[in-house]
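# Architecture and fold: a report
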Amino acid sequence: MWERSLVLSAPGKVILHGEHAVVHGKVALAVALNLRTFLRLRPCAEGKVCVRLPGVGVVRSWDTSSLQALRRGVAADFDESKSPSVEQLHTLKEFAGIAAGASAPESLATLAFLYMCLAISAKYGDVPNVDILVWSELPTGAGLGSSAAYAVCLAAALLTACRAISCPLKEGESTASWRAEGWTEEELTLINSWAFQGERVIHGNPSGVDNAVGTWGGALRYQSGKITPLKRVPMLRILLTNTKVPRSTKVLVAGVKEKILKFPAIMNPVLDSIDAISQECQSVLEAMPANPSPEYYPVLEELFDINQHHLNVIGVGHPSLDRLCRVTASHGLHSKLTGAGGGGCGITLLRPDTSPLAMEAAKRDLCACGFECWETNIGAPGVTLHSSSSLNAEVLHALSES
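These notes cover the structure that comes with them.

Criteria and cut-off values
Residues numbered from 1 in each chain as written. Predicted model: local features only at pLDDT ≥ 70, side-chain atom pairs only at ≥ 80, totals over all residues. Heavy atoms only, no water. Salt bridge = Lys/Arg side-chain N within 4 Å of Asp/Glu carboxyl O. Helix = DSSP H or I, 4+ residues; strand = E, 2+ residues; numbered from the N terminus. Buried < 20%, exposed > 50% of the residue type's maximum accessible area, 1.4 Å probe, protein only. Pairing = 2+ DSSP bridges.

Another point: the pattern of salt bridges. This model, assessed by the stated rule, comprises eleven salt bridges. Residues Glu301 and Arg351 are paired through a salt bridge, measuring 2.7 Å at the closest nitrogen-oxygen approach. Placement of the pair is Glu301 in helix H9 (residues 296-313) and Arg351 in the loop between strand S11 (345-350) and helix H11 (356-368), with a sequence separation of 50 residues. Linked by salt bridges that have partners in common, Arg40, Arg42, Arg52 and Asp131 make up one network.

Put into structure tokens, the structure is as follows:
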């Protein structure tokens, strides 16, 4: 029986540089976005597992006895190193009443919960009687790693409840994470492995970048399947803007590939240049913590400007993103798209001395375009355990809803 209430969180992610070029073997830099998904875990009535995801309209509960019977009935072993099988997912869908081809967020979130709950308990002990509530500051479907933040929170919560990892938050502490006296590297690796399985349930064939950022936080370098966390990175202030223009990542990726095949002598040097931007940015980020000089910011701003032009050249720009860049430039700020492009989100770098007046004016003008803005940080901490006293009023209110 699990007897404590816990609150965990994990960050979203943005691609700082290297989007699209990464598909062609170039370096991408992904950074943790301090818009977070929060999960509250508490004991549930004997013999029940409950999950509530108000953001996608999910309220479900099951008897632990029926979940244990389901676990025994699912063929093939559950393991953090094996992809969920088609047969396993089919059985779970039938059990939960999810249609075979369902792809709505609520269906996939429920399926990921069921899979992770059964798989983790199969390996580490009985399904605990828990009540899980998840609330997020991240918009879904905006390319900001919302599903990975959910999967990381779930993995950490379920592994803790099954006592597969320690509970590093002692009574009376304000916050705990791996950066303090938190989880060991082995425990974080286990959280990340199970979160990746959750991402596989939701996305089929993810890169693993989003869940790695959600687990370790900070920034990481990704190239040809190899993920390398950067050792020390600064927390940078940004304005994140969602243009709310929908786009298809698949269509945009295909369009870039077509351009490269059509004009290889023109496009390949552009990809090489984007790669060089990622590497230059990595050097700057790694130099900043030891020497937090203001002269790094003009370099970061220039890299934003150059890369935004490159992304337009390879065909993933959009009038809404051009408008975002013009609006922020009129306030002396520098922006670029992040993620797939073709709409979606953009990020604007804020210097430490950016005046609150300039920022409010920029936000006002962006909102007047019909965009949505958040002032936040990148380079944020990864998965974290919180005490109630360390949470702000909005999070406490969201997590107190029952």
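Moving on, we get to the pairing of strand S3 (residues 48-53). With respect to burial, S3 is a largely interior element, five of its six residues being buried. Hairpin connection of S3 to strand S4 (residues 58-63): four residues between the antiparallel strands, including Gly57 at a positive phi of 75 degrees.

Here we come to the environment of Lys231. If you trace the backbone, Lys231 turns up in the loop between strand S8 (226-229) and strand S9 (236-242). Each C-alpha atom, one on Lys231 and one on Gly218, is 8.5 Å from the other, the two residues being 13 residues apart in sequence.

A separate point is the pairing of strand S2 (residues 28-43). For S2, the tally of buried residues reaches 13 of 16 residues, placing the bulk of the element in the interior. As judged from the eleven bridges shared by strand S1 (residues 6-17) and S2, these two strands associate in the antiparallel manner. For His17, the partnering residue across the bridge sits in S2 and is Leu29. Two strands pair when backbone bridges link them, and S2 and strand S7 (residues 219-223) are joined in this way by four bridges, in the antiparallel orientation. Bridge assignment links Val31 to a residue of S7, and that residue is Ala219. In this sheet, strand S5 (residues 130-136) lies alongside S2 in antiparallel orientation, the contact comprising seven bridges. Counted as the bridge partner of Pro43 is Val130 from S5.

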